[in-house]
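# Summary of structural features
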Amino acid sequence: MLSRIWEDFLLIAREEAGSRVVETWFKAVALQRWDAITNVVYLQAPNQFVKDWVKNNYIPLLQVNLGRLLHVEMPKIFFVDAIEEVKESSTTPNQPSASATFLPAKVAEPMRTGIMRVPSSKNQSHINSNYVFSNFVVGPSNSLAYAAAHAVTEKPGKLYNPLFIYGNSGLGKTHLLHAIGNQIKAQNKRASVLYQTADRFVNEFISAIRFDKMHKFQEKYKDIDVLLIDDVQFISNKEQTQEAFFHIFNTLYDAHKQLVFSSDTFPQNIQGVAERLRSRLAWGLVTDIYMPGIETKVAILKKKAELSNGMVSDEVAHFIASRVVSNIRELEGSLVRVMAFASLTHQSVTIDLARKVLLRNSSSPEEQAPRTVDFERILQHLQKQYGYSLNEMQSKSRNKDLAFVRQVAMFLMKKLTDKSLRDIGMYLGGRDHSTVMHAISKIEQHSSVNNEFVQKIKCIEDEIVG
Ligand code: ADP
Ligand code: MG
């Protein structure tokens, strides 16, 4: 169960901090033990370097999200030494050690500007083997996207090119992109498939420019058979990157290579992208994916339970499914919490247990439809209390008082919505996820020493959710 929790944490961290952080740091770390009595999570890192880095940068992220998954408040995080002492320099691929998949020489080192150096990933496809077609549950909300994705694997580059899948967060876009990659790899081992988030594409491009590696960058993309770009909306307003992207698109398209994109909105609606690129994105098949109805939600829950060697009854699955309205990631999260609680307390998964676990996390004392709190609502209430307008909150101004209220906004947005740190940062004036994380720990610190402040925030919170 713990390994399942760590896997879920990795999924969340991927959303919150980006795949690069997960691949570089969190994949090197193992969740070793959780002590429910002292509320301490013990993590194991392969070496001092990783340990220090994670400690200095990701403790709040670990606490908040492991806390949620384990269903406790802010667990303490301790590092234990690796059982097997691994010398950094002697890590070779044929050593089956804890760090066998982690090569220190390739660590993405942050630079002063905050841009990460991307490790050369010539032979890496970044495909996650857990996301395959066979564990994707098909229903009316996603059948078209599924069929198109499947068709693409039968005739890559021929049928729908590009394939463009759009829909809200947490509805299975990333899953389908990886499934395409896995399927094509399974059919043809030599096919060169690359999955890349648009975000990582942008960073890779920036670092290619900085380190004068444009040639290498272009070479890498030139040789790809199937290019899967996730969350393509992240290239908004990045003109130079778009230029490079445009060329890569043309080269691959002209060579009949398959292109697949995902986005949170349809191509014409992606802001800050030149028209010629937007229209190219819509050249092939554009298909959407939306929140499934109750039957599909139940089927997904049963599938997920089965994949983690567990079982949920129809009754429990219905109960969980009926509580989650907007996002499959959240649906999975609820299931994991219920199953983790059952397993840790040695109880079976009954509807009473599910109710207990899921209601404990909810703001309302009784079972109700989940609250719908959005960013606007939070800012309206903060404006009432502190007087700052939306424009001011999104501005670059660092006026001390305003900056503090902005931090409160970030804190509440994280607490009351299921949006990622990145979404919050983007909304509040295009700030980085680490700024949001910093804000949250600032507010938590402030809360720990100022009770009056805690009460005030609690009041605002009650008004927002009330
Ligand atoms: P998106 O990229 O649209 O934000 P993801 O692909 O990351 O969403 O999906 C979020 C989670 O929900 C993943 O763990 C994924 O496996 C799961 N999921 C989404 N749709 C389905 C489905 N139809 N069947 C099974 N799992 C699904
Ligand atoms: Mg995604």
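See the structure printed just above.
Residues numbered from 1 in each chain as written. Chains lettered and ligands numbered in written order. Predicted model: local features only at pLDDT ≥ 70, side-chain atom pairs only at ≥ 80, totals over all residues. Heavy atoms only, no water.

## As for the overall build of the protein chain
- In terms of helices and strands, the protein chain carries 19 helices and 8 strands.
- Long-range contacts, defined as pairs at least 24 residues apart, comprise 72% of the intrachain contacts of the protein chain with a sequence gap of at least 6.
- As displayed, the protein chain offers around 23,000 Å² of accessible surface, 50% of which is attributable to carbon and sulfur atoms. (Helix = DSSP H or I, 4+ residues; strand = E, 2+ residues; numbered from the N terminus. Contact = heavy atoms within 4.5 Å. Areas by Shrake-Rupley, 256 points an atom, 1.4 Å probe, with all protein chains shown as cover.)

## Looking at the sheet that holds strand β2 (residues 40–44)
- Across the sheet, which stays open at both edges, the 3 strands sit in the order β1-β2-β3 with mixed pairing between neighbours. On the outer flanks of this sheet lie β1 (30–35) and β3 (76–80), each paired with one strand and no other. When strand polarity is set aside, the average angle formed by the axes of neighbouring strands in this sheet is 30°.
- Direction of pairing for β2 relative to β3: parallel, over a ladder of 5 bridges. Bridge pairing links leucine 43 to phenylalanine 79 in β3.
- Sitting on the sheet, helix α3 (residues 48–70) is in contact with β1, β2 and β3, with an inclination near 130° to β3. (Pairing = 2+ DSSP bridges. Axes fitted to C-alpha atoms, helices over the stretch in contact; angles between N-to-C directions.)

## Describing the nonpolar core
- Within the largest apolar cluster, 60 residues are counted, with the highest numbers of intra-cluster contacts made by Trp6, Phe9, Phe26, Leu62 and Leu412.
- Two domains each put at least three residues into this core: domain 1 (2–100) and domain 4 (375–465).
- Beyond its immediate chain neighbours, meaning those up to four positions away, phenylalanine 26 contacts Trp6, Phe9, Leu10, Ala13, Val21, Val54, Tyr58, Leu61 and Leu62.
- Core analysis: the next-biggest nonpolar cluster, separate from the first, contains 46 residues, Val137, Leu331, Val357 and Leu358 among them. (Core = buried A, V, L, I, M, F, W, Y, C linked by side-chain atoms within 4.5 Å. Buried < 20%, exposed > 50% of the residue type's maximum accessible area, 1.4 Å probe, protein only. Domains from an automatic or database assignment.)

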